[in-house]
Amino acid sequence: MSAAASRSAAALGIPWRPVVALTGVATVLLVAAALWPASAFAAVALKLSLPLLAGATAYLLDEGAAEAAAAAPVHLRARSSMRLAVAAGPLLAGTLALLALGARAESGVVPGVVVPLLGCILIACGASAVARRSVAEPGDAVAGAIIAAFAALSLVNPLARWVDLFPTREGQRWGGSLALWAVFGVVSVVLVALATRDPLD
Amino acid sequence: MTANPAATDTVPRASTTRRGTPAALWPLARLEISRLGRHPLLWAGTALCAFFTAMAISELKHGPTGDILGAPVVSLCVGVFSMIAAHHLARSFHRTEELVASAPTGATTRGGALCVAAVVPAVVASTWLIFYYSADTRVWTVPEYLYGTFSRADVAAILIGNTAVAAAGGTLVGIAAGRWWRFRGASAALVVAMVAWTIGIIGVFSNAETVPAGWERWVRLFTPVNYFTNAATEGGASDSMTGSPAWYLGWLVTLCALAAIAALLKGSEGAARGRLVRLGAVALVVSAVTYGLAAAGGNSQVVRTYPDGHSVVLRR
């Protein structure tokens, strides 16, 4: 199977509807926040959009025809990599919308918000890859859990004494936040690598 | 077997007990309780709740804040995660619908058994509540002024609403959505809807600087979880928000009833459907009345209480 053919085969298997819907809702929220940056809605939209974009990527590893695909001469890691490359879509949409919000907000929403976004997306990929070992279509459960967990974290902020989990403005504790998200990102990438090993490797 | 002209053409009804409940309800309910009790998502939510609580206790030891344990930690963790778990349990019947339909148990009985499983997250949330009351004053001490104008009974109503009732309610909403929604991504849509509803209303309508004062009072409680004190003010003072905690708890209970009725309505037929529709109408009216009383009762203005004990009404 050629690379292009296997890429399109993998693309066909992705449940596009929830991926596009969640990415679209998050982008619309961020664009609306950029239009009215001083409103209370903007803060709510910013809190919600990151979990939504992470939730969108949780569906990428759903493989309804997993048993048939397992028999094809394409490794699980190759199939998963091709699917996870689609995560660039939600990441790009979120980044552009966040940059637009940063440019419009007077109080200075900084481009660094992209780092927590990338961390959220990597965690969603890692959780999906791990759950994919036991369920062919983990997207729905993982997306729900990821959105719920990140929304709870951004609302309650249990680590407030030590670190700002979702900093948005200048003057917040960015150093600790970037270090924490870097650790989450590395752990998630390792999890993806381990969880996408073929059973016979 | 009981005769029922409305339903006997296609599916024979299961036998009923002397109280009128189908005999299969309790065995099925035990099964659903076991399924929900073993669901990994429920345990993930419980673990997250334990982590949040440990962090909150650490925060309390560092400096007393009145609202940190009253914050909706249990509803956000146990409630939302059990909602997703219950949603998946309810959806698990979809792929075997024809097989399930041939069983001598009606859809209403199966839905009822699922609804009984809401007791599992309610028990988890109640355990947290027992922990709170046994640790309060032993592990941490909250200065009296941080409770603002609220009595101990009011605080209990807030805590019960944000824990046991919210956890059971989340589960019932998950079951209702699982029985009615069939599209892919329904689980995420459900969480997004609940989170957007809660954060949206609280974020927009709890801020008197952005909305008219009347709106703040009448709309801010229209969420499945809420807060009544806010200690994050200047000078360490505590704001007592508007509304009646007791009536708000009553309103939450009516929301649980509405969610259960919505879950049971799916697939119901004949006389049972008629009864459910009538019950739903009554629950809607009671819900509207209790919400009105929750918003109209209690503080009509936000009251700020300072560490020395004196209070001022914040006129907006």
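From a predicted model like this one, the values you see are computed outputs, not experimental measurements. (Residues numbered from 1 in each chain as written. Chains lettered and ligands numbered in written order. Predicted model: local features only at pLDDT ≥ 70, side-chain atom pairs only at ≥ 80, totals over all residues. Heavy atoms only, no water.)

**Observations regarding the overall build of chain B**
We count it as follows: In this text, helices come from DSSP runs of H or I with a minimum length of four residues, and strands from runs of E with a minimum of two, each type numbered from the N-terminal end. Burial classes: relative accessible area under 20% of the type maximum marks a residue as buried, over 50% as exposed, and values in between as partly exposed (1.4 Å probe, protein chains only). Any two residues having at least one pair of non-hydrogen atoms within 4.5 Å are treated as being in contact.
Counting its regular elements, chain B contains 11 helices and four strands. Taken over 316 residues, chain B has a buried fraction of 51%. Taking all contacts inside chain B whose residues are at least 6 apart in sequence as the whole, residues at least 24 apart take part in 74%.

**A look at the packing of helix α1 (residues 25–37) of chain B against helix α5 (residues 107–116) of chain B**
Residues and elements named next belong to chain B. Which entries qualify depends on this criterion: Between the N-to-C directions of two axes lies an angle of 0 to 180 degrees, each axis being a line fitted to C-alpha atoms and, for a helix, fitted only over the stretch in contact. Any angle from 65 to 115 degrees is called roughly perpendicular, while one under 35 is roughly parallel, one over 145 is roughly antiparallel, and all others are oblique. For any pair of crossing helices, the crossing counts as left-handed if the nearer helix is rotated counterclockwise from the farther one by less than a right angle, and right-handed if it is rotated clockwise. Classes in brief: Ala, Val, Leu, Ile, Met, Phe, Trp, Tyr, Cys and Pro nonpolar; Asp, Glu, Lys and Arg charged; the others, Gly included, polar.
At a closest axis distance of 8 Å, the pairing of α1 and α5 adopts a crossing angle of 45°. Judged by the inter-axis angle, α1 sits oblique to α5. Crossing of α1 over α5 shows right-handed handedness. When α1 is examined against α5, the residues Leu 25, Trp 26, Leu 28, Ala 29, Glu 32 and Ile 33 are found in contact with a partner set consisting of Thr 109, Arg 110, Gly 112, Ala 113, Leu 114 and Val 116. Taken together, the residues of the contact of α1 with α5 sort by class into eight nonpolar, two polar and two charged.

**Focus: the packing of aromatic side chains**
Residue and element names in this part refer to chain B. Quick note on the threshold: Only Phe, Tyr and Trp rings are paired, with Trp represented by its six-membered ring, and only when their centres lie within 6.5 Å; those with planes under 30 degrees apart are stacked, over 60 edge-to-face, the remainder tilted. Note on criteria: charge over ring means Lys NZ or Arg CZ within 6 Å of the ring centre, with the direction from the centre no more than 35 degrees off the ring normal.
Under the definition given, this model contains 15 aromatic pairs over all chains. Seen in terms of ring centroids, Trp 128 and Tyr 132 are 5.7 Å apart; in terms of plane orientation they differ by 20°. Their pairing is stacked. Here Trp 128 and its partner Tyr 132 are both found in helix α6 (residues 119–135), four residues apart, which amounts to about one turn of the helix. As far as the burial class goes, Trp 128 and Tyr 132 line up, both buried. Aromatic pair Phe 228 and Tyr 248: ring centres 5.6 Å apart, planes at 70°, arrangement edge-to-face. Of the two residues, Phe 228 sits in the loop between α9 (213–219) and β1 (229–230) while Tyr 248 sits in helix α10 (residues 245–265), which places them 20 residues apart along the sequence. The buried category is assigned to Phe 228, whose relative accessible area is 2%. Among the aromatic residues, ring-to-ring pairing joins Phe 150, Trp 197, Phe 222, Phe 228, Tyr 248, Trp 251 and Tyr 291 into one connected group. The ring of Tyr 227 carries the charged tip of Arg 220 above its face, separated from the ring centre by 6.0 Å. Seen from the ring of Phe 228, Arg 220 lies directly overhead, with NZ or CZ sitting 5.3 Å from the centre.

**Here's the deal with the side chain of A:Ser177**
Inspection of the secondary structure assignment puts A:Ser177 in helix α9 (residues 174–195). Each residue touching A:Ser177, except ones within four places of it in the same chain, is listed here: A:Val163, A:Asp164, A:Leu165 and A:Pro167.

**Some points on the pattern of salt bridges**
Convention followed: Criterion for a salt bridge: a side-chain nitrogen of Lys or Arg within 4 Å of a carboxyl oxygen of Asp or Glu.
Scanning all chains against the criterion turns up nine salt bridges over all chains. A salt bridge links A:Asp62 to B:Arg184, with the nearest nitrogen and oxygen atoms 3.3 Å apart. Within this pair, whereas A:Asp62 is found in the loop between α3 (40–57) and α4 (66–71), its partner B:Arg184 is found in the loop between α7 (152–180) and α8 (186–205), the two belonging to separate chains. Overall, the relative accessible area of 2% leaves A:Asp62 in the buried class. As a salt-bridge pair, A:Asp164 and A:Arg173 come within 3.1 Å of each other at their nearest N and O atoms.

**A closer look at the nonpolar core**
This is how the line gets drawn: We define a nonpolar core as any set of buried Ala, Val, Leu, Ile, Met, Phe, Trp, Tyr and Cys residues linked to one another through side-chain atoms lying within 4.5 Å.
Ranked by internal contacts, the top residues of the largest apolar core, which has 130 residues, are A:Leu22, A:Phe150 and B:Val191. Tallying contributions element by element places helix α3 (residues 73–91) of chain B first for this core, with 13 residues. Residues contacting A:Phe150, with those up to four places away along its chain left out, are A:Pro51, A:Ala54, A:Cys120, A:Ile123, A:Phe166 and A:Trp181.

**Comments concerning the confidence of the model for chain A**
What counts, and what does not: The predictor rates its confidence in each residue with pLDDT, a number between 0 and 100.
Taken as a whole, chain A shows an average pLDDT of 83; of its residues, 90% reach a score of 70 or greater. Of all helices and strands in chain A, the one with the weakest mean pLDDT is helix α1 (residues 3–13) of chain A (58), whereas helix α7 (residues 114–132) of chain A scores best (92).

**Some details on the environment of B:Ala246**
Residue and element names in this part refer to chain B. Its place among the elements puts Ala 246 in helix α10. Judged by relative accessible area, Ala 246 falls into the partly exposed class, the value being 44%. Once the C-alpha coordinates of Ala 246 and Asp 154 are considered, the two residues, 92 residues apart in sequence, prove to be 6.3 Å apart.

**Observations regarding the sheet that holds β1(B)**
Residue and element names in this part refer to chain B. Heads up, the rule is: Should DSSP find at least two bridges between two strands, the strands are regarded as paired.
Strand order in the open sheet formed by four strands is β1-β2-β3-β4, with antiparallel pairing between adjacent strands. Among the strands making up the open sheet, the edge pair consists of β1 and β4 (311–314). As defined by bridge partners, β1 adjoins strand β2 (residues 238–240) across two bridges and the pair is classed as antiparallel. The residue of β2 that forms the bridge with Thr 229 is Ser 240.

**Quick notes on the packing of α3(A) against helix α6 (residues 88–104) of chain A**
Residues and elements named next belong to chain A. Contact pair α3 / α6: the axes reach a minimum separation of 10 Å and the direction vectors enclose 165°. Judged by the inter-axis angle, α3 sits roughly antiparallel to α6. Relative to α6, α3 is oriented so that their crossing is left-handed. In this structure, α3 uses Leu 46, Leu 53, Ala 56 and Thr 57 to contact α6, whose residues at the interface are Pro 90, Gly 94, Leu 98 and Leu 101. Residues belonging to the contact of α3 with α6 are distributed by class as follows: six nonpolar, two polar and no charged.

**What to know about the pairing of β4(B)**
Residues and elements named next belong to chain B. One ladder, built from four bridges, connects strand β3 (residues 302–305) with β4; its direction is antiparallel. Note that in β4 the partner of Val 303 across the bridge is Val 313. From the end of β3 to the start of β4, which pair antiparallel, there are five residues, and Gly 309 there has a positive phi angle of about 100°.

**Some remarks on the interface of chain B and chain A**
Heads up, the condition is: Accessible-area loss on putting two parts together, using a 1.4 Å probe and summing over both, is the definition of buried area adopted here.
Contact residues are listed per partner, giving 30 residues for chain B and 28 residues for chain A. Buried surface at the junction of chain B and chain A, both sides included, amounts to about 2500 Å², of which 77% is carbon and sulfur. At the junction of chain B and chain A, the tally comes to two salt bridges. When residues of the side of chain B that touches chain A are traced back to their parent elements, those giving at least two are α2 (40–62), α3 and α8 of chain B. For the side of chain B that touches chain A, the element with the highest residue contribution is α8(B), accounting for 11 residues. Taken together, the residues that form the side of chain B that touches chain A break down as 18 nonpolar, eight polar and four charged.

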